[in-house]
Amino acid sequence: MKTGNSGVGKTDLQEISEIIKKADTLALYPHVNMDGDTLGSCMALCLALKAMGKKVDVIIDDAIPDNLKFLDDGSCTEDLKKGEGVDIACCLDCADRERLGKRGTLFPSAGITVSIDHHMVANPFCDYNYTDTEAAATGEIVYKLLEIMDFPGSKEAGNALFTAITTDTGNFQYSNTRGETHRIMAKLYDWGIEPDRVSVLIYDSNRPERLMLESLSLSRMELLLGGKVAISYVSQKMLEQAGAEMYESERIVNELRSIAGVEVSCLVKENSIRECKVSMRSKNDFDISLLASKFHGGGHKKAAGFTLNKSLDQAMLTVKNALLESEIGKKEDA
Ligand SMILES: [Mn+2]
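Below, the structure is looked at part by part. (Residues numbered from 1 in each chain as written. Predicted model: local features only at pLDDT ≥ 70, side-chain atom pairs only at ≥ 80, totals over all residues. Heavy atoms only, no water.)

1. Some words on the overall build of the protein chain
What the protein chain contains, in helices and strands, is twelve helices and 13 strands. On C-alpha atoms alone, the protein chain measures out to a radius of gyration of 21 Å, which is about the 20 Å that the 2.2 N^0.38 rule sets for 334 residues. Expressed along its principal axes, the backbone C-alpha trace of the protein chain runs to roughly 60 × 45 × 40 Å. Expressed as a percentage of its 334 residues, the buried residues of the protein chain come to 51%. In the protein chain, once contacts between residues fewer than 6 apart in sequence are set aside, the share between residues at least 24 apart is 65%. Both charge centroids of the protein chain, one from 39 positive and one from 51 negative side chains, sit 2 Å from each other. (Helix = DSSP H or I, 4+ residues; strand = E, 2+ residues; numbered from the N terminus. Rg over C-alpha atoms; globule rule 2.2 N^0.38 Å. Buried < 20%, exposed > 50% of the residue type's maximum accessible area, 1.4 Å probe, protein only. Contact = heavy atoms within 4.5 Å. Lys, Arg positive; Asp, Glu negative; His and termini not counted. Charge placed at Lys NZ, Arg CZ, Asp CG, Glu CD.)

Listed below in structure tokens is the structure:
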């Protein structure tokens with residue numbers, strides 16, 4: 001096993017580019033519950049490798065979200081047979097084995113396994129593991145790999161990398177955005193990318209049901225601690241009323257955070273009568289992951305979550321009490 005940028009062994013992108021060059025057949029793996037970075041990274045690499053004459057499939061575990069369907073040129077498949085006996089299996093943005101889902105036994109059956117990611121890797125599981133935690137998105141790493149491989153660039157591969165980077169940086173607003181992010185973006189413009197058209201596809205292609213759900217949830221918003229905390233919920237009843245799916249609630253917690261003076265926002269999602277998922281965001285200094293870890297959850301300083309095996313009412317109570325007792329409740333001024 002070789003691991004890059006985390007102190008164990010030595011794998012660099014040069015080495016990964018060499019082994020990919022030698023391969024004829026590849027299977028690329030996005031993580032479960034696909035987002036723009038994982039699928040954009042897979043599709044950019046897929047398109048580039050196909051242009052180099054290789055046979056490439058993107059083995060997906062679940063349906064592609066509607067707003068990312070434009071990325072698929074027909075390479076995405078749920079047919080696990082396509083991943084059998086390939087020269088290389090490469091997972092992108094998916095360094096945690098569990099994020100392979102039901103593809104977990106197929107993945108290691110390839111001749112060589114590779115992981116490319118920007119997340120801290122606790123238990124590297126591939127033959128070659130490359131991690132760059134400075135990269136804002138896995139898409140940034142894929143750009144660098146393609147540059148090393150002398151890929152001349154293409155509009156479609158560029159649009160896929162733009163998707164990866166814009167979605168993982170909150171459209172270049174999050175603190176992971178760096179100078180290098182913009183330098184890569186500038187090079188992608190030279191590939192002929194269409195940020196305007198692609199942004200409409202990613203961000204302005206919502207179903208009306210989503211906005212109906214947002215409206216129902218936002219109308220139940222409560223402000224706590226003198227306006228430093230905004231909290232709301234999504235119930236099964238609201239989903240039914242709006243005709244929406246739970247994944248369409250994902251923007252609400254960001255909307256709650258957008259209020260002036262709010263430092264922490266929180267959305268409690270009722271999955272069933274005895275399970276709620278809690279999503280939290282913080283705006284400035286408050287480390288929300290510390291609060292999430294008290295409930296065996298995880299995440300980052302500004303975005304974290306956890307699951308409670310409680311009814312919606314009980315979960316709301318638990319979360320409110322935890323927020324009131326937290327450091328944010330103790331700070332006099334924010
Ligand atoms: Mn990512």
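2. Description of the coordination of the manganese ion
In this structure, Asp37 (OD), Asp93 (OD), His118 (NE2) and Asp168 (OD) serve as the protein donors to the manganese ion, at separations of 2.1 to 2.4 Å. Considered as a linear motif, the donors of the manganese ion on their single chain read D-x55-D-x24-H-x49-D. Of this pair, Asp37 sits in helix H2 (residues 36-51) while Asp168 is found in helix H4 (residues 155-168), placing the two residues 131 residues apart along the sequence. Asp168 matches Asp37 in its accessibility class, with the two residues each being buried. (Donors = N, O, S within 2.8 Å, 3.2 Å for Na, K, Ca; no water.)

3. Re the sheet that holds strand S8 (residues 222-224)
Read from one edge to the other, the open sheet built from six strands follows the order S8-S9-S10-S11-S13-S12, with strand pairing classed as mixed. Either end of the sheet is taken by a strand with one partner, and the two such strands are S8 and strand S12 (298-299). Bridge analysis of strand S9 (residues 229-234) against strand S10 (residues 264-272) gives six bridges, and the strand direction is parallel. Counted as the bridge partner of Val229 is Val264 from S10. (Pairing = 2+ DSSP bridges.)

4. Section: the state of the cysteines
Evaluation of the coordinates by the stated rule reveals zero disulfides. Not engaged in a disulfide, the cysteine Cys90 finds its nearest cysteine sulfur in Cys91; these two sulfurs lie 6.2 Å apart. (Disulfide = S-S within 2.5 Å.)

5. Regarding the packing of aromatic side chains
The geometry of two aromatic rings is summed up by the distance between their centres and the angle between their planes. Taken as a whole and judged by the stated rule, the model has five aromatic pairs. Centroid distance Phe151 to Trp191: 5.4 Å. Interplanar angle 80 degrees. Geometry classified as edge-to-face. Here Trp191 lies in the loop between helix H5 (179-190) and helix H6 (195-203) and Phe151 lies in the loop between helix H3 (138-148) and H4, a separation of 40 residues in the sequence. The class of Trp191 is buried, set by a relative accessible area of 13%. Taken together, the ring pairs connect Tyr29, Phe107 and Phe125 into an aromatic cluster. (Phe/Tyr/Trp six-rings, centres within 6.5 Å; stacked < 30°, edge-to-face > 60°.)

6. A few points about the pattern of salt bridges
All chains considered together, the criterion is met by 16 salt bridges. With a shortest N-O distance of 3.9 Å, Glu250 and Arg210 are connected by a salt bridge. One end of the pair, Glu250, is in the loop between helix H8 (236-242) and helix H9 (252-257); the other, Arg210, is in helix H7 (residues 208-218), and 40 residues separate them in sequence. A single salt-bridge network, built from bridges that share partners, covers Asp61, Lys102 and Arg103. (Salt bridge = Lys/Arg side-chain N within 4 Å of Asp/Glu carboxyl O.)

7. Describing the packing of H3 against H5
The interhelical angle for the contact between H3 and H5, taken along N-to-C directions, is 55 degrees, at an axis separation of 11 Å. One element, H3, and the other, H5, form an angle in the oblique class. Of the two possible hands of crossing, H3 and H5 adopt the one that is left-handed. Mapping the contact onto sequence places Glu140, Tyr143, Lys144 and Glu147 in H3 and Glu180, Thr181, Ile184, Lys187 and Leu188 in H5. For the contact of H3 with H5, the class distribution of residues is three nonpolar, one polar and five charged. (Axes fitted to C-alpha atoms, helices over the stretch in contact; angles between N-to-C directions. Parallel < 35°, antiparallel > 145°, perpendicular 65-115°, else oblique. Left-handed = near helix turned anticlockwise from the far one by under 90°. Nonpolar A, V, L, I, M, F, W, Y, C, P; charged D, E, K, R; others polar.)

8. Here we look at the nonpolar core
Leu28, Met43, Leu45 and Leu188 are the most contacted members of the largest nonpolar core, which totals 52 residues. It is H2 that provides the largest number of residues to this core, a total of nine residues. If we skip the residues at most four places from it in the chain, Met43 touches Val58, Leu71, Asp72, Asp73, Ser75, Cys76 and Ala160. Counting residues in hydrophobic clusters, the runner-up holds 23 residues, among them Met280, Ile288, Ala304 and Ala315. (Core = buried A, V, L, I, M, F, W, Y, C linked by side-chain atoms within 4.5 Å.)

9. A few points about unusual backbone geometry
Glycine aside, negative phi is the norm for most residues, and most peptide bonds take the trans geometry. Its identity is not glycine, yet Asp150 carries a phi of approximately 60 degrees, on the positive side. As for its position among the elements, Asp150 is in the loop between H3 and H4. The backbone of Leu225 sits at a positive phi, close to 50 degrees, despite the residue not being glycine. Relative to the elements of secondary structure, Leu225 occurs in the loop between S8 and S9.

10. Focus on the environment of Ser115
Here Ser115 lies in strand S6 (residues 112-117). If sequence neighbours within four positions are ignored, Ser115 has contacts with Cys91, Ala95, Cys126, Tyr128, Asn129 and Tyr130.

11. Notes on the pairing of S6
The buried fraction of S6 is high, at five of six residues. Pairing analysis gives five bridges linking strand S5 (residues 88-92) to S6, with the strands arranged parallel. Across the sheet, Cys90 pairs through a bridge with Val114, a residue of S6. The sheet contact formed by S6 and strand S7 (residues 128-131) spans four bridges and is parallel. Looking at S7, one finds that Ile116 is bridged to Tyr130.

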